[in-house]
Amino acid sequence: MFDNQLIEKFKTLETPFYYYDLALLHRTLAKVKELAEKYRFHVHYALKANSNDKILKIISSYGLGADCVSGNEVLKALATGFQADHVVFAGVGKSDKEILTALEKDIFCFNCESLQEIQVINELAEKSNKIASIAIRINPNVEANTHQYITTGKEENKFGVNMAELNEILEVLKNSTFIKLVGIHFHIGSQIQDLENFKNLCFRVNEIQEWFTAQNIRLTEINVGGGLGINYHQPDLENIADFDSYFSIFNQYLKVKPSQRIHFELGRSIVAQCGSLISKVLYVKKGTNKQFAILDAGMNVLIRPALYQAYHKIENITSTSSERATYDVVGPICESADFFGKEVSLPITQRGDLIAIRSAGAYGEVMMSDYNLKEQAKSVLLAM
Ligand SMILES: *Cc1c(COP(=O)(O)O)cnc(C)c1O
């Protein structure tokens, strides 16, 4: 992924920084767009994965919608070229201010996660003199077979509502004259690699659709969320996620009525592979039984390994050694969780070497913090 010219350029830059391969981002988006047009699917990019302005402008230029989880994300989406009538707004804790912002901007749809929220949206829509379109986020109770912190479609988590609550919600909706129920929404989790899980989601959605039909409720929007996983172990082998198989599953198994539109909310699979965190080795420290490569980037710059025990491929991109050794690759932050990889085999590594932490385009830069008041990464965008 990194040719010599690029590495020479990296050597002149202050570390740590995020590098984005914009050519790869363009190829990824072209693929998504091609398939979305083929199947007439509506794809919304989940801003929370990466809300770097330049990246958002590229994504919006492909005509994707936006999936937002805060009022500020709604404003950011509009400022970077996404159209309001392609914006969906999810989240279990939408504040009054955020709801008012979304109403004022006439977004396409609120993905509602509780009865209480529906009532508040109705009140605020009345005050704003608007009709709010909503989709109910339903827990399909489908496994996602992913890390417990990123599984979201089971009955007992804070997201969405359960089927058992729907009757009560429909009663409330009858008296909510400032709300229009247009659809149902699902999101079962993130980094899902076994596509069987999506097939199971389709079957559940079909059943749930039958339930709504039996209640004589017509829905025009079916939103199946996001969650398509990427290959963190071999980013070069599979630098574009398997969108063909993913979309074809929904095309094959989801039963839709002619008037219905299918929506997706993809984050990670669009931006993860185009990003790498580039960091410098400050020290190679020898312990009793292991050695540590201490980097100038830590969990303040990329928190995924500390937060989800996530794996990222780690490469030494400047070592010329043909010998290899094993290192724990760690950050400078005062926390034991501050590591990027344990027992990583690298070419002999020295102070000053540049390390690339791959597949860091999603949930990387967006989760940076000021912890320890360490330097944050300055993103660097270079199209290849
Ligand atoms: C996070 C999230 C997404 C995007 O998930 P990815 O795994 O990044 O594709 C989509 N929809 C909702 C509701 C989310 O919370």
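For every chain, the first residue of the written sequence is number 1, and numbering continues from 1 onward in sequence order. In view of the model being predicted, local features appear only for residues whose pLDDT reaches at least 70, and side-chain atom pairs are presented and counted only at 80 or more, with totals across whole chains, interfaces and linings using the full set of residues. Processing note: side-chain calculations cover all non-hydrogen atoms of the structure and skip hydrogens and water entirely.

The name an unreviewed UniProt entry gives the chain is Diaminopimelate decarboxylase, with Thermoflexibacter ruber as the organism. UniProt positions are given in the numbering used here, feature names are shortened, and annotations may be inferred rather than shown by experiment. Database annotation for the chain, UniProt heading Pathway (unreviewed entry): "Amino-acid biosynthesis; L-lysine biosynthesis via DAP pathway; L-lysine from DL-2,6-diaminopimelate: step 1/1." Within the UniProt record for the chain, the comment given under Catalytic activity (unreviewed entry) is "meso-2,6-diaminopimelate + H(+) = L-lysine + CO2".

Undergrad: It is not clear to me how helix 6 (residues 115–128) should be interpreted in this structure. Could you clarify?
TA: Residues lying three or four places apart along an α-helix face the same way, a consequence of the helix completing one turn every 3.6 residues. Only DSSP runs of H or I with at least four residues qualify as helices, and only runs of E with at least two residues qualify as strands; both kinds are numbered from the N terminus onward. By this rule the span expected of a helix is its residue count minus one, scaled by 1.5 Å. In this model, helix 6 (14 residues) spans 20 Å end to end at C-alpha, consistent with the 20 Å of a helix rising 1.5 Å per residue. Each residue's exposure class comes from its accessible area (1.4 Å probe, protein chains only) as a fraction of the maximum for that residue type: buried when under 20%, exposed when over 50%, partly exposed otherwise. Within helix 6, burial applies to Leu115, Glu117, Ile118, Ile121, Asn122, Leu124 and Ala125. In this structure, the buried side of helix 6 is in contact with helix 5 (96–104), strand 5 (109–112), strand 6 (132–137), helix 7 (166–174) and strand 7 (179–185). The contact definition used throughout considers only heavy atoms, calling two residues in contact when any of these lie within 4.5 Å.

Undergrad: Looking at this structure, how should I read the side chain of histidine 312?
TA: Inspection of the secondary structure puts histidine 312 in the loop between helix 11 (304–308) and strand 12 (314–316). Under the relative-accessibility criterion, histidine 312 is labelled buried at 2%. Any pair of N or O atoms that falls within 3.5 Å is considered a polar contact. Within protein, one atom must be able to donate a hydrogen and the other to accept it, and sequence-neighbouring residues count only if both atoms are side-chain atoms. A polar contact of 2.8 Å, which involves the side chain of histidine 312, links it to the backbone oxygen of arginine 358. Ignoring any residue separated from it by four or fewer positions in sequence, one finds histidine 312 in contact with Tyr232, Leu302, Arg304, Pro305, Ile357, Arg358, Ser359 and Ala360.

Undergrad: Explain the nonpolar core here, please?
TA: The nonpolar side chains of soluble globular proteins are, as a tendency, buried together. We call a set of buried Ala, Val, Leu, Ile, Met, Phe, Trp, Tyr and Cys residues a nonpolar core when their side-chain atoms join them within 4.5 Å. In terms of nonpolar packing, the biggest core is built from 105 residues, with Tyr45, Phe110, Phe247, Phe250, Phe264 and Leu277 touching the most fellow members. Sort the elements by how many residues they give to this core and helix 2 (residues 22–39) lands first, with eight residues. Domain extents, as shown, originate in an automatic or database domain assignment. Counting only domains with at least three residues in this core, you end up with domain 1 (4–17 + 273–382) and domain 2 (23–272). When near neighbours in sequence (up to four residues on either side) are disregarded, leucine 277 contacts Pro16, Phe17, Tyr18, Ala297, Val301, Leu302, Phe340, Ile355, Ala356, Ile357, Ala360 and Ala377. The next biggest cluster of nonpolar side chains, apart from the first, holds 11 residues, and it includes Ile7, Phe10, Tyr19 and Ala356.

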